[in-house]
Amino acid sequence: MQNTLNTQNTQNMQNTLNTLNMQKLELKLPIHIQGTVVDLETTAFALPGDILTYGFLTGDTITVFQRTDASAQGKLDFEEEMKKWPEQFPRPFYSYNAEFEEKWTGVKFDFDLMKPWRDECSRSEANGLKVKWPKVSELVSAPHDYFAKQKEFLGHQVPLLWQQYAQSGEQDFLKEIIFHNVCDLKREACLLFWKEKYW
């Protein structure tokens, strides 16, 4: 892997639940979000596959549910634990590229934080300029991106991180998945400051 594991990435998160099949971690923030920003980490970019991580930002709290049991039964137990999340978190639901979350969860989202920027790409193409759809990390950079010492694993690396965790049981691989999930939730929350783009 290109990046070096950074075991300090989740040190400020409070572990509020640790069962045989998952961890629940929480992080308080000095902001307040109405509704819920949702971000998933999965074993594949399209179905079929498994959801490994559910991240939620609502009010002043980020809550991450991380699967820890790599077995088939662990998958079933995690799915059972998480199936009621739409009733436990307040609407409206926000996500970047909400179609992805909708396909994986079967839940209808209220706002796609990617839509105005995808539409901007379409307008550029109509004017003869080819612009690819942006990743959320391309729209909102994180402060640690500036420093070479601390690198964040990105979404396309999550399946390999999970595979390495499943083979070794090394918790640091899970910490990197959680850290990436938290970073994306913060980035997506930043896009709400451009909310006039969504209404």
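For the structure, see preceding data.
Residues numbered from 1 in each chain as written. Predicted model: local features only at pLDDT ≥ 70, side-chain atom pairs only at ≥ 80, totals over all residues. Heavy atoms only, no water.

Draft legend 1. Main features of the layout of surface pockets. In this structure, the largest pocket spans a volume of roughly 620 Å³. Together, 24 residues line the largest pocket, and Lys135, Gly155, His156, His180 and Asp184 are the ones closest to its centre. Among the elements of the structure, strand E2 (22-42), helix H3 (98-105), helix H5 (136-139) and helix H7 (171-191) are those that each provide at least two residues to the lining of the largest pocket. Within the lining of the largest pocket, the residues separate by chemical class into 11 nonpolar, six polar and seven charged. (1 Å grid on protein atoms, 1.4 Å probe; cavity = no way out; pocket = protein on both sides within 12 Å on 5 of 7 lines; lining within 4 Å. Points joined across faces, edges and corners; volume = space filled by probe spheres on them. Helix = DSSP H or I, 4+ residues; strand = E, 2+ residues; numbered from the N terminus. Nonpolar A, V, L, I, M, F, W, Y, C, P; charged D, E, K, R; others polar.)

Draft legend 2. Summary view of the packing of helix H6 (residues 158-168) against H7. Their axes nearest at 8 Å, the elements H6 and H7 cross at an angle of 155°. One element, H6, and the other, H7, form an angle in the roughly antiparallel class. Between H6 and H7 lies a crossing whose hand is left-handed. Note on element contacts: H7 touches H6 through Gln171, Phe173, Leu174, Glu176, Ile177 and His180, opposite Val158, Leu161, Trp162, Gln164, Tyr165 and Ser168. A per-class count over the contact of H6 with H7 returns seven nonpolar, four polar and one charged. (Axes fitted to C-alpha atoms, helices over the stretch in contact; angles between N-to-C directions. Parallel < 35°, antiparallel > 145°, perpendicular 65-115°, else oblique. Left-handed = near helix turned anticlockwise from the far one by under 90°. Contact = heavy atoms within 4.5 Å.)

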